[in-house]
Amino acid sequence: MLVLSRKAEESMFIGDDIKITVLDIRGGQVRIGITAPQEVKIHREEIYDRIANEE
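Residues numbered from 1 in each chain as written. Predicted model: local features only at pLDDT ≥ 70, side-chain atom pairs only at ≥ 80, totals over all residues. Heavy atoms only, no water.

Asker: Looking at this model, I keep getting lost on the sheet that holds strand β3 (residues 29-35). Mind explaining?
Answerer: Within a sheet, adjacent strands bond to each other through the backbone by hydrogen bonds, running parallel or antiparallel. The three strands lie next to each other as β1-β2-β3, forming an open sheet whose pairing is antiparallel. The open sheet has two edge strands, β1 (11-14) and β3, and neither has a second partner. Here the average twist between neighbouring strands, direction ignored, is 25°. (Pairing = 2+ DSSP bridges. Helix = DSSP H or I, 4+ residues; strand = E, 2+ residues; numbered from the N terminus. Axes fitted to C-alpha atoms, helices over the stretch in contact; angles between N-to-C directions.)

Asker: Is there a simple way to think about the pairing of β1 in this case?
Answerer: Sheet faces and side chains relate simply in a regular strand, where the side chains alternate between the two faces. As judged from the four bridges shared by β1 and strand β2 (residues 18-26), these two strands associate in the antiparallel manner. Of the residues in β2, the one forming a bridge with F13 is K19. Where β1 hands over to β2, the hairpin turn is made up of three residues, of which G15 adopts a positive phi near 65°.

Asker: Whenever I open this one, a nonpolar patch on the surface confuses me. Can you help?
Answerer: On the surface, I25, V30, I32, I34, V40 and I42 cluster together into a nonpolar patch covering about 490 Å² of accessible area. In terms of residue count, the dominant contributor to the nonpolar patch is β3 (three residues). Position of V40 among the secondary structure elements: in the loop between β3 and α1 (45-54). A residue is classified by how much of its surface remains accessible, and V40, at 32% relative accessible area, is partly exposed. (Patch = residues over 30% accessible without salt bridge, like charges linked within 9 Å, V, L, I, M, F, W, Y side chains within 5 Å. Areas by Shrake-Rupley, 256 points an atom, 1.4 Å probe, with all protein chains shown as cover. Salt bridge = Lys/Arg side-chain N within 4 Å of Asp/Glu carboxyl O. Buried < 20%, exposed > 50% of the residue type's maximum accessible area, 1.4 Å probe, protein only.)

Asker: Just checking my understanding: could you explain the pattern of salt bridges for this structure?
Answerer: Pairing is possible between side chains of opposite charge, provided their charged atoms come close. Counting across every chain of the model gives three salt bridges. The residue E10 makes a salt bridge to R6 at a minimum N-O spacing of 3.7 Å. Among the ionic pairs, D24 bridges to R26, the shortest N-O distance being 2.7 Å.

Below, the structure written as structure tokens:
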């Protein structure tokens, strides 16, 4: 696992077309924004697990 430190309003890229931006940090929560092509599916882990278990 790659671990990166970012401050609010800082970003990182995955490949050339997926951008992850830290929007806000409050207590134990981090708000992130994800910019990706529409065909890239993005799910929270618990939703991804539920979908995988249904298939």
